[in-house]
Amino acid sequence: MFNTFKEKLKNTISKLSKKIENETLTEESTKADTIDEIKRDDLVEEIKEHADKGVGFFNKVKEKIITKKLSKEQFNELFWDLELLLLENNVAVEVVEKIKEDLSKTIIEKQLQRSKIEDLIRDSLRNSIISLFDVEQINLLEKIKEKRPYVICFVGINGTGKTTSIAKVAYFLKQKNITTVISASDTFRAAAIKQLETHGERLGVKVIKHDYGSDPSAVAFDSRVFAKAKNIDVVLIDTAGRQHSNVNLMSELEKINRVVKPDLKIFVGESITGNDVVLQLNEFNKKIGIDAIILSKTDIDDRGGAMISATYVTKKPIIFLGCGQNYEDLKKFNKEELIKNLFE
Ligand code: GDP
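The present account deals with the structure reproduced in this document.

Rules behind the numbers
- Residues numbered from 1 in each chain as written.
- Predicted model: local features only at pLDDT ≥ 70, side-chain atom pairs only at ≥ 80, totals over all residues.
- Heavy atoms only, no water.
- Helix = DSSP H or I, 4+ residues; strand = E, 2+ residues; numbered from the N terminus.
- Expected span 1.5 Å × (residues − 1).
- Buried < 20%, exposed > 50% of the residue type's maximum accessible area, 1.4 Å probe, protein only.
- Contact = heavy atoms within 4.5 Å.
- 1 Å grid on protein atoms, 1.4 Å probe; cavity = no way out; pocket = protein on both sides within 12 Å on 5 of 7 lines; lining within 4 Å.
- Points joined across faces, edges and corners; volume = space filled by probe spheres on them.
- Nonpolar A, V, L, I, M, F, W, Y, C, P; charged D, E, K, R; others polar.
- Pairing = 2+ DSSP bridges.
- Right-handed = clockwise from strand over helix to strand, strands pointing away.
- Core = buried A, V, L, I, M, F, W, Y, C linked by side-chain atoms within 4.5 Å.
- Patch = residues over 30% accessible without salt bridge, like charges linked within 9 Å, V, L, I, M, F, W, Y side chains within 5 Å.
- Areas by Shrake-Rupley, 256 points an atom, 1.4 Å probe, with all protein chains shown as cover.
- Salt bridge = Lys/Arg side-chain N within 4 Å of Asp/Glu carboxyl O.
- Near = heavy atom within 4 Å.
- Polar contact = N/O pair within 3.5 Å; in protein donor to acceptor, adjacent residues only side chain to side chain.

Quick look at helix α6 (residues 93-107) now. Here α6 contains 15 residues, and its C-alpha end-to-end distance of 21 Å stays within 8% of the 21 Å for a straight helix at 1.5 Å per residue. Burial in α6 covers these residues: Val95, Val96, Lys98, Ile99, Lys100, Asp102, Leu103, Ser104 and Ile107. Summarising the contacts, the buried residues of α6 are in contact with α1 (3-23), α5 (72-88), α7 (117-131) and α14 (305-314). Glu109 sits one or two positions beyond α6 and adopts a positive phi of about 55°.

Tallied over the full model, the rule gives one cavity of 30 Å³ or more. Looking at the largest cavity, its volume works out to about 60 Å³. What lines the largest cavity is Met1, Met307, Leu321, Lys331, Lys332, Phe333, Asn334, Glu337, Leu338 and Asn341. When contributions to the lining of the largest cavity are tallied by element, the ones reaching two or more residues are β8 (330-332) and α15 (335-343). Within the lining of the largest cavity, the residues separate by chemical class into five nonpolar, two polar and three charged.

Among the five residues that make up strand β7 (residues 318-322), five are buried, leaving the element largely enclosed by the rest of the structure. By the bridge criterion, three bridges tie strand β6 (residues 292-296) to β7 in an arrangement that is parallel. Bridge pairing in β7 links Ile294 to Phe320. Remark: the β6/α14/β7 crossover connection has right-handed handedness. Sheet topology note: the β7/β8 ladder contains three bridges and is antiparallel. If you follow Phe320 over to β8, its bridge partner there is Lys332.

Right, let's talk about the nonpolar core for a bit. Counting residues in each nonpolar core, the largest one holds 67 residues, and the members touching the most others are Ile20, Ile129, Phe284, Leu295, Ile318 and Leu338. Top contributing element to this core by residue count: α5, with six residues. Not counting residues within four places of it along the chain, the set of residues in contact with Ile318 comprises Phe133, Ile293, Leu295, Met307, Ala310, Thr311 and Phe333.

Nonpolar side chains collect at one region of the surface, where Phe221, Val225 and Val259 lie side by side and expose about 210 Å² of accessible area between them. Of note, Phe221 is situated in helix α11 (residues 216-230).

So, about the pairing of strand β5 (residues 264-270). Looking along a regular strand, one sees side chains alternate from face to face of the sheet. For β5, a buried count of seven out of seven residues is recorded, marking the element as mostly surrounded by other parts of the structure. A two-sided burial pattern is seen for β5, the buried positions comprising Leu264, Ile266, Val268 and Glu270 on one face and Lys265, Phe267 and Gly269 on the other. Taking the sense of rotation as the criterion, the β-α-β connection linking β5, helix α13 (residues 275-288) and β6 turns out right-handed.

Of all residues adjacent to the ligand, which total 17 residues, the nearest are Gly159, Thr163, Thr164, Gln195 and Gln325. Lys297 places a polar main-chain atom, nitrogen or oxygen, 2.9 Å from an oxygen atom of the ligand. Looking at the shell around the ligand element by element, the count peaks at four residues for helix α9 (residues 162-175). When its residues are assigned to classes, the shell around the ligand shows two nonpolar, ten polar and five charged.

As a further point, take the side chain of Thr24. Within the fold, Thr24 resides in the loop between α1 and α2 (27-33). On the accessibility criterion, Thr24 (0% relative accessible area) is buried. Within the structure, the side chain of Thr24 is placed 3.2 Å from the backbone oxygen of Glu21, a separation counted as a polar contact.

None of this, on its own, says anything about what the molecule does.
See the structure below:
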């Protein structure tokens, strides 16, 4: 995962640290390099001599290794390559700003130890990215126990993997002996209803449908009634996914919200659409308020920016990653694994 990004990130960090080293180099520190060449015995002699004179030799050496501090202007200029790399790999602007801000605090006007600069940058980046996910987490299996039927509504634009993700969630829950019913509330596309029915047949999950063009919230309502009557644990509602800025779509989703009051609203977005997914997330979150995120197609995402950015821009957790076209290709999001994929 993200092999190209990882490689470029490593090189960019390395280049950045070299540039910072050069910028902060003073004449004294250049001289200090020659200390390495002083033979051990000579060094002992020097120490003795200075000790005799009452001068702290090590203090003198320390002074010499100290470098010039980096100004804000210098930092901004040097950060540009890293900034560009992050943006190219779909990291959202606000996330790049946060990473820059965090790094600036450890670099600007700080006394830097030359040999430690690269580690400092890498640690700062790692900590910044980890902290992007500091939001309340959702334990789906625990939540589902709170109520029967537990109603989950899936939103997101067409083609992003919403239907497939619903089928994957149904499969995941089935493995845990949790029963589901699917509401075919994307009544806008006949193909969507058919697609869900095929998944339903394969998974042995009932799909509630009305005619093409009927009221999506009525289908959702019926699905919940069905679940109640049959003692089914979870209702999974599929919804239409025209353009995220489409007014009709948003009012349709708001109506589902009012009629069935879903317990959880999950946004499904494609990791590979990059910055677009952040725009969609913001729009859906603003209009209907989402609770959690599934990012699909991470198996073909070589950039990772969507994964890095989605939670920070919405303050909502990523609960699952879609990682293939089969039902079992759904895995829990793990920030440590993301860090591993980026840095190790
Ligand atoms: P929807 O229009 O949002 O419901 O999207 P679909 O669920 O129909 O998915 C669109 C296409 O993306 C289909 O060909 C899926 O097989 C494929 N797809 C969905 N999720 C994934 C995933 O995690 N990885 C890959 N590689 N393909 C996926």
